[in-house]
Amino acid sequence: MAETPKSPVQPQVRRVSVQQRLTALEAEQVLLRQELASLQGELRLPGLYLTVEAGNTSALVPARLVREVVRLVALDPLPGAPAHVAGTFVYRGSPAVVVDLARMLGVKRVPDLDSHLVVVETGRTVALLVDRVRDLVETPVLLDGTPGGEEALPWDGTGLMAGLCRTPEGLRPLLRTSAVLTGMEGL
C-alpha cells in the first residue's frame, strides 16, 4: 500500500514550532547571561543602549525608547519654550518637540549640519538633538546608580544622568530620559 504524501501544512506548522522554540531559547540565553553576570558581582542592564554624543559628552539611551534616528532638519522656533528646546519639526505627520541635549548639559553651540535627531518614545513625539550617534551597546555594566535611575547621583550636577556604565569603549553615563522630558508637558 502506498504511503499518502504529507500535507503542505505540516512543514509550515513545524517551522512555526521551531521558531517559537528558538525564541524561547534566545530569551532563556539572555536570562542566563544576566544570572552569570550577577554571580560575578556585576549588575548588567538588560537590553541594548544607543551611544549618543552631545556637547563633547557621550551618553547611553535605552534603545527600547528610540523610535528612529533622523538627520537634522530645519526647525521651527517654539515661542516661550525653555532655552534647551531647539524648536519643532513635523515627524511622520505629527509635530515633534526637539530638545537640545548639549544645551541641557550647559554647552552653548550651533549644531552642525550632520547632527541627528533621536526620536524617543514618550506620550508625545520628542526628539533629542545630538551631535552624533555612535553605536549600540548590549547589557552595559552599571557601576554607580540604580537600575531604574530613580535616585539622584552626587556627581551629576545636571540631574540628567541615571547612572554610570562600563562599556567596551569606556565609562558612559546613562541618560535619564524622564529628566530630559521634564517640563515638556505645557509645550
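One structure accompanies this document, and this report is about it. (Residues numbered from 1 in each chain as written. Predicted model: local features only at pLDDT ≥ 70, side-chain atom pairs only at ≥ 80, totals over all residues. Heavy atoms only, no water.)

Quick notes on the overall build of the chain
Here's step 1: Looking only at helices and strands, the chain features three helices and 12 strands.
Here's step 2: Taking all 187 residues of the chain together, the buried fraction comes to 36%.
Here's step 3: Considering only residue pairs separated by 6 or more positions, the chain has 57% of its internal contacts joining residues 24 or more positions apart.
Here's step 4: By element, 55% of the accessible surface of the chain is carried by carbon and sulfur atoms, the whole surface being about 11,500 Å². (Helix = DSSP H or I, 4+ residues; strand = E, 2+ residues; numbered from the N terminus. Buried < 20%, exposed > 50% of the residue type's maximum accessible area, 1.4 Å probe, protein only. Contact = heavy atoms within 4.5 Å. Areas by Shrake-Rupley, 256 points an atom, 1.4 Å probe, with all protein chains shown as cover.)

Describing the pattern of salt bridges
Here's step 1: Across all of its chains, the model carries six salt bridges by this definition.
Here's step 2: Glu53 is the partner of Arg134 in a salt bridge, and the nearest nitrogen-oxygen pair spans 2.8 Å. Placement of Arg134 in strand E9 (residues 132-138) and of Glu53 in strand E2 (residues 48-54) is noted, with a sequence separation of 81 residues between them.
Here's step 3: Each of Glu53, Arg132 and Arg134 takes part in a single network of salt bridges with overlapping partners. (Salt bridge = Lys/Arg side-chain N within 4 Å of Asp/Glu carboxyl O.)

Overview of the environment of Arg44
Here's step 1: Of note, Arg44 is situated in strand E1 (residues 43-44).
Here's step 2: Arg44 gets classed as partly exposed once you look at its relative accessible area, which sits at 31%.
Here's step 3: Note: C-alpha distance between Arg44 and Cys165 (121 residues apart in sequence) is 8.9 Å.

Structural notes on the sheet that holds strand E6 (residues 94-100)
Here's step 1: Spatial ordering of the open sheet is given by E4-E7-E8-E6-E5, a layout of five strands whose pairing is mixed. A strand with exactly one partner marks an edge of an open sheet, and here the two such strands are strand E4 (66-71) and strand E5 (85-91). Across the sheet, the mean angle from the axis of one strand to that of its neighbour is 30°, orientation sign disregarded.
Here's step 2: Bridge analysis of E5 against E6 gives six bridges, and the strand direction is antiparallel. The partner of Val90 across the bridge, within E6, is Pro95. (Pairing = 2+ DSSP bridges. Axes fitted to C-alpha atoms, helices over the stretch in contact; angles between N-to-C directions.)

Describing the packing of aromatic side chains
Pairs of aromatic rings are described using the distance from one ring centre to the other and the angle between the two planes.
Here's step 1: Across all of its chains, the model carries one aromatic pair by this definition.
Here's step 2: With 6.3 Å between their ring centres and 70° between their planes, Phe89 and Tyr91 make a pair best called edge-to-face.
Here's step 3: Given the relative accessible area of 7%, Phe89 is considered buried. (Phe/Tyr/Trp six-rings, centres within 6.5 Å; stacked < 30°, edge-to-face > 60°.)

Remarks on the side chain of His116
Here's step 1: Following the sequence through the fold, His116 ends up in strand E7 (residues 116-121).
Here's step 2: A residue is classified by how much of its surface remains accessible, and His116, at 16% relative accessible area, is buried.
Here's step 3: Within the structure, the side chain of His116 is placed 3.5 Å from the backbone oxygen of Asp114, a separation counted as a polar contact.
Here's step 4: For His116, the residues in contact, after removing those within four places along its chain, are Val69, Val70, Arg71, Leu72, Leu128, Leu129, Val130, Asp131, Arg132 and Val133. (Polar contact = N/O pair within 3.5 Å; in protein donor to acceptor, adjacent residues only side chain to side chain.)

Details of unusual backbone geometry
Here's step 1: For Asn56, which is not glycine, the phi torsion reads 65° and is therefore positive.
Here's step 2: Assignment of secondary structure puts Asn56 in the loop between E2 and strand E3 (57-62).
Here's step 3: The exposed category is assigned to Asn56, whose relative accessible area is 85%.
Here's step 4: A positive phi is found at Thr139, a non-glycine position, where the angle reads about 40°.
Here's step 5: Locating Thr139 in the fold gives a position in the loop between E9 and strand E10 (141-145).

Section: the pairing of strand E11 (residues 161-167)
Here's step 1: Here E11 lies mainly inside the structure; five of its seven residues are buried.
Here's step 2: With four bridges connecting them, E10 and E11 associate as antiparallel partners. In the sheet register, Leu142 faces E11, and the bridge partner there is Cys165.
Here's step 3: Pairing analysis gives six bridges linking E11 to strand E12 (residues 170-175), with the strands arranged antiparallel. Of the residues in E12, the one forming a bridge with Arg166 is Leu171.
Here's step 4: From the end of E11 to the start of E12, which pair antiparallel, there are two residues.

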